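This is what each chain is made of:
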Amino acid sequence: MRGASVDPVRLVAAPPTLEEVAARAGVSRSTASRAINGGARVSPSALAAVRAAVGALGYSPNRAARSLVTRRTDSIALVVPEPDELALSDPFVLAILQGLSSSLADSDVQVVLVIARPGQSERTVRFLAGGHVDGAVVVSHHRGGDLDPALADLPVPLVFVGRPYAAVGEARASGAHYVDTDNVAGALLATRHLLERGRRRLGSIAGPADMSAGIDRLEGFRRALAEAGLPADAVVHSDYTLAGGRAAAHRLLDEYPDLDGIVAASDLVAVGAMGALSARGKQVPGDVAVVGYDDLGVAESANPALTTVVQPAVSMAAAAGQRLLELLAGGGTSEPEIFEARLVVRAST
C-alpha cells in the first residue's frame, strides 16, 4: 500500500532461541541447556537430538550467559614464570604454546598467556584466582620466590610441564599434576655418548639450580662420569639463553682449559658455548665436542649441527592440555606422564 512504512527490523530473522532448540529436539529446556553446556546427566539419544537441532537451527549459545550458569570461562592460562625477554624468545616456551593450542583445537577453550615476571607474582596470582580462567598450565617452574607457595593455594586446577621443584615423592604426595621428559636419562645418554667418542675431560653447563630439569640433568651428567671413574667437577650454571651459554663456556674454559667435551643444559646454551669456543680458536668437535638438550630447531641449524637430546615439548604440552581438560571435566589421574629421552647425533660430536 502506497505510503505504508515497513519496519526494517522485521526483515531480519531473530536468532534461534534455546526454547526453539529444545522444541526441535523434543526435550525440555533444561535438558537442552545441559546438553549444550557439556552433556552432564543427558542421555546419548537426547544429546544427539540436541546437537542435531543446534546444527539445523544454527544456534549459538550466549557465552556470557552460559558462564553465569556454569561458572566456567572456557579459558585456561599458560603461566611462564620468566622475564619477558626469556619467555618470548625461548624456543621451548614457543613449542609449549604450540602444543597446548593443538590440544585445545577441538574444544571451545582459549589460551591466555600469563608471563609471571619476577617480583610481580601477586598480580599473577590475583588474575589466576579471580575467575578469569578455569585452570592453568605452568611451564619453566622455579623453586622459591613468592609465586611458588601461592600456586599451591590457587582454587583452579594446575598442570605443570616439567616436574615441580619438589622431590618426586613430594610432588606425587601433594597431588601435583605434571608431564616431563626423563631428564636424568637424557643427560646420561648425552654424557655417555661423549665418553664413547673418546672424550675424557668433560664439563657441564648446567641449568638453573632452582629448577628440577637443571638438577636432574646435572645428576645424569655426574652419574655417567662416576660410572666411568672420571671427575665431574667442571660444572657451571646458566640460564637457558645464548648469552648465558656463552658466558658459562668462557668460565668453564678459564677454570678447566683442558676440556674436550661439554654437556649443555639446552640447545641455546650449547650454541652460545660453541660461540665462545670459536672465539677462543677451538674447533667443534675437533677440540671440544658439544651436546645440547631440546632439539627444537636451533640444533639442526647450528654450525656445526648440534648433537642433542630430544625433549618433545610439543607433545608434552599437548599432554598437559589434555590432562587439564580431563581435570576440568572431573576426571584425570595424578600419575605423572614421563616421555622417554632420545639422542640425535649430528656434527658437533
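Above this note sits the structure.
My aim in this report is to walk through the structure given alongside it, one point at a time. (Residues numbered from 1 in each chain as written. Predicted model: local features only at pLDDT ≥ 70, side-chain atom pairs only at ≥ 80, totals over all residues. Heavy atoms only, no water.)

The next subject is the nonpolar core. With 27 residues, the main nonpolar core has Ile 205, Leu 252, Ile 262, Leu 277, Val 290 and Leu 306 as its most contacted residues. Those elements giving two or more residues to this core turn out to be α12 (242-255), β8 (261-264) and α13 (267-279). A total of six residues in this core trace back to one element, the largest contributor, which is α13. Not counting residues within four places of it along the chain, the set of residues in contact with Leu 306 comprises Asp 267, Ala 270, Met 274, Val 290, Val 291, Gly 292, Ala 299, Val 344, Arg 346 and Ser 348. Of all hydrophobic cores here, the second largest spans 26 residues; its members include Ala 87, Ile 96, Leu 104 and Val 179. (Core = buried A, V, L, I, M, F, W, Y, C linked by side-chain atoms within 4.5 Å. Buried < 20%, exposed > 50% of the residue type's maximum accessible area, 1.4 Å probe, protein only. Helix = DSSP H or I, 4+ residues; strand = E, 2+ residues; numbered from the N terminus. Contact = heavy atoms within 4.5 Å.)

What follows covers the environment of Lys 282. Along the chain, Lys 282 falls in the loop between α13 and β9 (289-294). Once residues lying within four places of it in the same chain are set aside, the contact partners of Lys 282 are Leu 253, Pro 257, Leu 277, Asp 287 and Val 288.

On to the sheet that holds strand β6 (residues 202-206). The strands making up a sheet associate through backbone hydrogen bonding, with each pair oriented either parallel or antiparallel. Reading across the sheet, the six strands line up as β7-β6-β8-β9-β10-β12 and stay open at both edges, with mixed pairing between neighbours. Bordering the open sheet on either side are β7 (235-237) and β12 (342-344), each of which pairs with just one other strand. Strand-to-strand twist in this sheet, taken as the mean axis angle between neighbours without regard to direction, amounts to 20°. Where strand β10 (residues 307-310) meets β12, three bridges bridge the pair, whose relative direction is antiparallel. Counterpart to Val 310 in the pairing with β12 is Arg 342. Packing of helix α10 (residues 183-196) onto the sheet brings it into contact with β6, β8, β9, β10 and β12, and relative to β9 it is tilted by some 160°. (Pairing = 2+ DSSP bridges. Axes fitted to C-alpha atoms, helices over the stretch in contact; angles between N-to-C directions.)

Take the side chain of His 193 next. Assignment of secondary structure puts His 193 in helix α10. The residues contacting His 193, other than those within four sequence positions of it, are Val 291, Thr 307, Leu 343, Val 345 and Thr 349.

Before going further, it helps to spend a moment on the pattern of salt bridges. If you walk through the whole model with that rule in mind, you get nine salt bridges. The partner of Arg 29 in a salt bridge is Glu 19, and the shortest N-O contact between them spans 2.6 Å. Placement of the pair is Arg 29 in helix α2 (residues 29-36) and Glu 19 in helix α1 (residues 18-25), with a sequence separation of ten residues. Each of Arg 201, Asp 233 and Asp 258 takes part in one network of salt bridges that share partners. (Salt bridge = Lys/Arg side-chain N within 4 Å of Asp/Glu carboxyl O.)

Relative to β10, β9 runs parallel, the two sharing four bridges. When the sheet's bridge partners are listed, Gly 292 is paired in β10 with Thr 308.

Moving on: the packing of α10 against helix α11 (residues 212-228). Where α10 meets α11, the axes come as close as 7 Å, and the angle between the chain directions of the two elements is 40°. When the interaxial angle is binned, α10 and α11 end up oblique. Handedness of the crossing formed by α10 with α11: right-handed. Counted together, Asn 183, Val 184, Ala 187, Leu 188, Thr 191, Arg 192 and Leu 195 of α10 and Ala 213, Asp 216, Arg 217, Glu 219, Gly 220, Phe 221, Arg 223, Ala 224, Leu 225, Glu 227 and Ala 228 of α11 form the full contact between these two elements. (Parallel < 35°, antiparallel > 145°, perpendicular 65-115°, else oblique. Left-handed = near helix turned anticlockwise from the far one by under 90°.)

Reading across from one edge, β2-β1-β3-β4-β5-β11 is the order of the six strands in this open sheet, with parallel pairing throughout. Both outer strands of the open sheet, β2 (110-115) and β11 (337-339), are each paired with one neighbouring strand and no more. The average angle at which neighbouring strand axes cross in this sheet is 20°, direction not considered. Here two bridges tie strand β4 (residues 158-161) to strand β5 (residues 178-181), and the two strands are oriented parallel to one another. When the sheet's bridge partners are listed, Val 161 is paired in β5 with Val 179. Along the sheet, helix α6 (residues 91-103) makes contact with β1 (75-80), β2, β3 (135-139) and β4, crossing β1 at roughly 165°.

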